[in-house]
Amino acid sequence: MRDDFDAVWQELANAVMSGMKEWRLQHPKATLREIETALDERLGKMRARMLEDVALASAAADVSQTSEAERPRCPTCGAVLTARGQPIRELTTHFDQTLRLKRSYTVCPACGTGLFPPG
Ligand SMILES: [Zn+2]
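On a predicted model such as this, the values are computed, not experimentally measured, just so you know.

### Examining the pairing of strand β3 (residues 97-102)
Argument step 1. Here β3 shows one buried face, formed by Q97, L99 and L101, and one open face, formed by T98, R100 and K102.
Argument step 2. The sheet contact formed by strand β2 (residues 88-93) and β3 spans six bridges and is antiparallel. The partner of T92 across the bridge, within β3, is T98.
Argument step 3. Between the end of β2 and the start of β3, which pair antiparallel, lie three residues, with F95 showing a positive phi angle near 60°.

### Quick notes on the packing of aromatic side chains
Argument step 1. Applying the stated criterion across every chain, the model contains two aromatic pairs.
Argument step 2. Each ring, one from F5 and one from W9, has its centre 5.0 Å from the other, and the planes form 15°; the classification is stacked. Within this pair, F5 and its partner W9 are both found in helix α1 (residues 5-26), separated by four residues, close to a single helical turn. For the pair F5 and W9, a shared accessibility class is recorded, and that class is buried.
Argument step 3. The interplanar angle of 75° and the centroid separation of 5.1 Å between the aromatic rings of Y105 and F116 together place this pair among those described as edge-to-face. Placement of Y105 in the loop between β3 and β4 (106-107) and of F116 in the segment after β5 (114-115) is noted, with a sequence separation of eleven residues between them.

About the thresholds
For every chain, the first residue of the written sequence is number 1, and numbering continues from 1 onward in sequence order. Reporting in this predicted model follows two pLDDT cut-offs: at least 70 for local features of residues, and 80 or more for side-chain atom pairs to be given and counted; totals over whole chains, interfaces and linings ignore these cut-offs and use all residues. With hydrogens and water stripped out, all remaining heavy atoms of the structure feed into the side-chain values. For each residue, the accessible area found with a 1.4 Å probe, counting protein chains only, is set against the maximum for its type, and the residue is called buried under 20%, exposed over 50%, and partly exposed in between. Per the convention used, a helix needs a DSSP run of H or I reaching at least four residues, while a strand needs a run of E reaching at least two, with both numbered from the N terminus. The criterion for strand pairing is that DSSP finds at least two bridges linking the strands in question. A pair of aromatic rings is counted whenever rings of Phe, Tyr or Trp (Trp by its six-membered ring) have centres within 6.5 Å, and the orientation is called stacked for planes under 30 degrees apart, edge-to-face for over 60 and tilted otherwise.

Structure below.
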């Protein structure tokens with residue numbers, strides 16, 4: 001886990017809190033549902049960024065840096081998978097936030113199956 005997560009995540013949390021205070025001043029008569037939506041939007045951004053950071057810290061983000069014993073195995077035939085670069089993988093998560101994850105793409109040397117290993 002990177003040490004600088006603390007500072008970055010603190011900033012994200014501060015942005016959610018100050019953004020919400022500002023929003024409340026601009027919407028003094030908002031309904032509970034409107035407040036909830038505004039809060040979810042802000043938390044959704046924070047959530048997506050934290051998810052990216054944690055996912056990038058996992059071993060599956062860069063399989064080439066793991067030892068042979070730790071490498072994922074082919075779900076089809078069980079052979080140890082070989083890393084084939086780290087393309088950016090875009091996924092959509094809650095609150096319509098885009099995650100951009102740099103993930104190892106792996107190929108099975110035995111049967112040719114290609115996949116992004118989970119984890
Ligand atoms: Zn295979």
